[in-house]
Amino acid sequence: MNLFDVYPLYEVTPVSAKGIVVTDDKGQEYLDYYGGHAVISIGHSHPHYVARLKEQLDKIGFYSNAVKNPLQQELAKKLGTLSSCQNYNLFLCNSGAEANENALKMASFHTGKKRVIAFKNGFHGRTSAAVAATDNEKINAPLNKQQKVTILPFNDSSSFTVEIEKGDVCGVILEAIQGVGGLDEPATEFYREVAALCKKHKVVLIADEVQSGFGRSGQFFGFQHHGIQPDIISIAKGMGNGFPVGGILIHEDIKASYGLLGTTFGGNHLACVATLAVLEVLEKEQLIANAAQLGDYFHQKAAEIPQVKRVKGRGLMLGLEFDFEVAELRKKLIYEHQLFTGGAKDKYVLRILPALNITQADIDIFFDALKIALQ
């Protein structure tokens, strides 16, 4: 049997990793400024994370949600405190796509309606409703296109007002900082207007924080830069530092009932401990503040490079925009300078999504290599 060939692969085979250093099967070391799509939030093989998972595995790794798992309640309490979202309830699942799928489902349950508003260049996952709300025709199968989704441009208040006033919208989903799309953001005024109109028309506002959450933007959640309160918040990626974890925070005004949502693997013992370990490291090492400070430093360093047309994003969710497509630059960085970076739907944007515990020295190394690669 062969693998189903859906990924173009770089000729690198990692076998071990620690911090931001990834070592391949030939002993070559690489510096990771991408974190596997923003998944590695506290560094590869962080000692506290490894110890917590090993300790839990010696006890119990999994049992179903038909029995009590106190780790889930511990996680909910810790997450609520650190994120300042105590007035939400937590449902755990396994991935960002599943989180958004459940968020959209809850919006439809809660309102009794079925049309969704999403935004241009948004990415919300590859499953049924999540991919329908994703602005990428190539990954939407005919089956997915049955979903009723209207995709609007960011920061266009007039078109948003027209659509939400039609009265058939169950939910609005948007990223505070677009990941795959290329680091674009809604203006604060627009995000607040969206929130106000959702409240007025009793539409569920879903903040997709799958990539921008867990401190990456320099706040715990990206929407917190704009002073709004969503009805549902979707989370994944950095919350497990590589362990498959996802979830949604559901405002307490939306009530639960038995059977409304469900999952086999979501919230298992290992998943909870992985996420608790991440939260403990974020708190102890003050990594959210570090992300904010290093984001500012990154902007300063980028200003020294004339080929950089614009720096996009916040904290350590960043993009460098050039006036050329960056695919060859990425290859040069990985093969000649041993640096992992990322691309985007916007082919002119180089994505930088490192662990939140990197240092100024790590950023200096990146820009020194980038200067040489651009010559």
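### Some thoughts on the sheet that holds strand 14 (residues 349–352)
For step 1, the next point in the chain: Taken together, the three strands give an open sheet; going across it, the order is 11-12-14, and neighbouring strands pair in antiparallel fashion. Each of the sheet's edge strands pairs with one partner strand only, and the pair in question is strand 11 (310–314) and strand 14. Averaged over all pairs of adjacent strands, the angle between their axes in this sheet comes to 20 degrees, without regard to strand direction.
For step 2, the next point in the chain: Sheet topology places strand 12 (residues 317–321) next to strand 14; four bridges connect them, and they run antiparallel. In the sheet register, G319 faces strand 14, and the bridge partner there is R351.

### Quick look at a nonpolar patch on the surface
For step 1, the next point in the chain: Together, I60, F62, Y63, V67 and F265 make up an exposed nonpolar region whose accessible area comes to about 480 Å².
For step 2, the next point in the chain: Mapped onto the elements of the fold, F265 is located in the loop between strand 10 (246–251) and helix 8 (269–284).

### What about the sheet that holds strand 9 (residues 232–235)?
For step 1, the next point in the chain: Ordered in space as 4-10-9-8-7-5-6, the seven strands form an open sheet in which the pairing is mixed. If you trace the sheet from one side to the other, it starts and ends with strand 4 (88–93) and strand 6 (149–152), each paired once. With direction set aside, neighbouring strand axes in the sheet form an average angle of 20 degrees.
For step 2, the next point in the chain: Across four bridges, strand 5 (residues 115–119) lies against strand 6 in parallel orientation. Each bridged residue has a counterpart across the sheet, and for I117 the counterpart in strand 6 is T150.
For step 3, the next point in the chain: The sheet strands contacting helix 7 (residues 188–200) are strand 5, strand 7 (169–175) and strand 8 (204–208), and the helix crosses strand 8 at an angle near 145 degrees.

### Some words on the packing of aromatic side chains
For step 1, the next point in the chain: Within this structure, the stated rule accounts for 15 aromatic pairs.
For step 2, the next point in the chain: Taken together, a centroid distance of 5.7 Å and an interplanar angle of 45 degrees make the contact between F62 and F265 tilted. Of this pair, F62 sits in the loop between helix 2 (47–57) and helix 3 (70–83) while F265 is found in the loop between strand 10 and helix 8, placing the two residues 203 residues apart along the sequence.
For step 3, the next point in the chain: Relative to F367, the ring of F298 lies with its centre 4.8 Å away and its plane at 55 degrees, an arrangement referred to as tilted.

### Brief notes about the pattern of salt bridges
For step 1, the next point in the chain: Inspection of the entire model under this criterion finds 18 salt bridges.
For step 2, the next point in the chain: For the salt bridge of D168 with R115, the shortest nitrogen-to-oxygen distance reads 2.9 Å. Here R115 lies in strand 5 and D168 lies in the loop between helix 6 (157–164) and strand 7, a separation of 53 residues in the sequence.
For step 3, the next point in the chain: Given the relative accessible area of 33%, D168 is considered partly exposed.
For step 4, the next point in the chain: Owing to a relative accessible area of 9%, R115 belongs among the buried residues under this scheme.
For step 5, the next point in the chain: The closest approach of N and O atoms between K166 and E163, which form a salt bridge, is 3.2 Å.
For step 6, the next point in the chain: The network of salt bridges with shared partners includes R115, E163, K166 and D168.

### Comments concerning the pairing of strand 8
For step 1, the next point in the chain: The element strand 8 is extensively covered by neighbouring structure, given that five of its five residues are classed as buried.
For step 2, the next point in the chain: Burial along strand 8 is two-sided: the residues V204, I206 and D208 and L205 and A207 are all buried.
For step 3, the next point in the chain: By the bridge criterion, five bridges tie strand 7 to strand 8 in an arrangement that is parallel. Note on strand 8: the bridge partner recorded for I173 is I206.
For step 4, the next point in the chain: Crossover connection from strand 7 via helix 7 to parallel strand 8: handedness right-handed.
For step 5, the next point in the chain: By the bridge criterion, three bridges tie strand 8 to strand 9 in an arrangement that is parallel. Each bridged residue has a counterpart across the sheet, and for A207 the counterpart in strand 9 is I233.

### Some thoughts on the nonpolar core
For step 1, the next point in the chain: Formed by 82 residues in total, the largest nonpolar core has its most connected members in F160, V172, L320, F366 and L370.
For step 2, the next point in the chain: Looking at this core element by element, the count peaks at eleven residues for helix 8.
For step 3, the next point in the chain: In this view, L320 contacts F298, A302, V308, R310, V311, Y348, V349, L350, F366, F367 and L370; residues no more than four positions away in its chain are not counted.
For step 4, the next point in the chain: Listed in part, the 21 residues of the second largest apolar core include V116, A133, C170 and I206.

Rules behind the numbers
- For every chain, the first residue of the written sequence is number 1, and numbering continues from 1 onward in sequence order.
- Confidence filtering applies because this is a predicted model: local features only for residues at pLDDT of at least 70, side-chain atom pairs given and counted only at 80 or more, and all residues used for totals across whole chains, interfaces and linings.
- Side-chain metrics in this entry use all non-hydrogen atoms of the structure; hydrogen atoms and water are not considered.
- Two strands are counted as paired when DSSP detects at least two bridges linking them.
- By the criteria applied, helices consist of DSSP H or I runs no shorter than four residues and strands consist of E runs no shorter than two, each listed in order from the N terminus.
- Here an angle of 0 to 180 degrees is reported between the N-to-C directions of two axes, which are lines fitted to C-alpha atoms, with helices fitted over the stretch in contact.
- What goes into a patch is any residue over 30% in relative accessible area without a salt bridge, connected to like charges within 9 Å or, for nonpolar side chains (Val, Leu, Ile, Met, Phe, Trp, Tyr), within 5 Å.
- Reported accessibility uses the Shrake-Rupley method at a 1.4 Å probe radius. Residues are deemed covered only where the shown protein chains occlude them.
- For salt bridges, the criterion is a side-chain nitrogen of Lys or Arg within 4 Å of an Asp or Glu carboxyl oxygen.
- Contacts were defined at the residue level, with two residues in contact if any of their heavy atoms lie within 4.5 Å.
- Classification of ring pairs rests on two measures: the distance between centres of Phe, Tyr or Trp rings, Trp counted by its six-membered ring, which must be within 6.5 Å, and the angle between planes, read as stacked under 30 degrees, edge-to-face over 60 and tilted in between.
- Here's how the labels work: a residue is buried when its accessible area is under 20% of the maximum for its type, exposed when over 50%, partly exposed in between, all with a 1.4 Å probe on protein chains only.
- Convention used here: a crossover is right-handed provided that the path from the first strand, over the helix, to the second strand proceeds clockwise when the strands point away from the viewer.
- What makes a nonpolar core is a set of buried Ala, Val, Leu, Ile, Met, Phe, Trp, Tyr and Cys residues whose side-chain atoms join them at distances within 4.5 Å.

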